[in-house]
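Given next are the chains, with one letter for each unit.
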Amino acid sequence: AKISKKQLLVRSKLDIPMEFTSQDGLSVTSHDDIWWLAPTGKGRKVDVGWLHSFKDNTMLRDILLDTLIHYAETKSATTVATQRAALLSAFPNDSSCLDDFNKRWVNLPNSTKKTLKGFMTTAVELLGHNQIEKYRDITYKFRHLAKFNGLHPTKGRLTDFEYDSILQNVRILCDALP
């Protein structure tokens, strides 16, 4: 007998389903520490036990779990494993306040920042978890691609020497025209 999403975990502040179906069609019990999301491949087994150990900040725990469940239902197991690794780096325990998150954020690699930016944006904008909007605001400022300004005098594509050389070649070509 399949358990519907309406059956919820006990003492949850959000509507966390007791069971959900992964993108690969496997039934997953959300309160298990290990989620089996796919029969084979990277990320088929995702350990969310550290999230279940959050006792002080249950709202953060529930939001992170709900968003991970969304990813597990709509994305590949590899994507969920990547999201989980990024979350573990940013939220190693439930005593993480906004200042702790901000301090950790500065030292995270760019790939992890990019992953967390997408995760937080999904949680706030798609799933409506406005309680973590301050975390999302920190991640939202991150730009994984440097903004390029080809006309910038020091960061342009050509050095002065290269530019002068091309201009000189253009002048020679123009002089050669009848």
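Just so you know, these numbers come straight off a predicted model, no measurement behind them. (Residues numbered from 1 in each chain as written. Predicted model: local features only at pLDDT ≥ 70, side-chain atom pairs only at ≥ 80, totals over all residues. Heavy atoms only, no water.)

Caption draft 1: The packing of aromatic side chains, seen in detail. For the coordinates displayed, the defined rule picks out seven aromatic pairs. Ring plane angle 15 degrees and centroid distance 5.2 Å describe the contact between F91 and F101, whose orientation is recorded as stacked. With F91 in the loop between α3 (77–90) and α4 (98–107) and F101 in helix α4, this pair connects stretches of sequence that are 10 residues apart. Pair check on accessibility: F91 and F101 agree, each one buried. Seen from their ring centres, F101 and Y135 are 5.1 Å apart, and the 80 degrees between their planes marks the pair as edge-to-face. One end of the pair, F101, is in helix α4; the other, Y135, is in helix α6 (residues 133–140), and 34 residues separate them in sequence. Of the residues examined, Y135 reaches a relative accessible area of 10% and is grouped as buried. (Phe/Tyr/Trp six-rings, centres within 6.5 Å; stacked < 30°, edge-to-face > 60°. Helix = DSSP H or I, 4+ residues; strand = E, 2+ residues; numbered from the N terminus. Buried < 20%, exposed > 50% of the residue type's maximum accessible area, 1.4 Å probe, protein only.)

Caption draft 2: Layout of the nonpolar core. The biggest cluster of nonpolar side chains holds 39 residues, and the ones touching the most others in it are W35, L37, L64, L68, L87, F91 and I132. Top element by residues in this core is helix α2 (residues 58–74). It accounts for eight residues. (Core = buried A, V, L, I, M, F, W, Y, C linked by side-chain atoms within 4.5 Å.)

Caption draft 3: Representation of the confidence of the model for the protein chain within the structure. Scored by pLDDT, the protein chain comes out at a mean of 86, with 85% of its residues at no less than 70. Element-level mean pLDDT values for the protein chain span from 88 in helix α7 (residues 160–176) up to 96 in strand β3 (residues 34–36). In the model, residues 1–12 has pLDDT below 50 throughout and makes 21 contacts with residues more than four positions away in sequence or in other chains. (pLDDT = per-residue confidence, 0-100. Contact = heavy atoms within 4.5 Å.)

Caption draft 4: Representation of the pattern of salt bridges. Taken as a whole and assessed by the stated rule, the structure comprises four salt bridges. Of the charged contacts in the structure, one is a salt bridge between R136 and E133, with a shortest N-O distance of 3.5 Å. In this pair, R136 and E133 both sit in helix α6, three residues apart, roughly one turn of the helix. Given the relative accessible area of 10%, R136 is considered buried. (Salt bridge = Lys/Arg side-chain N within 4 Å of Asp/Glu carboxyl O.)

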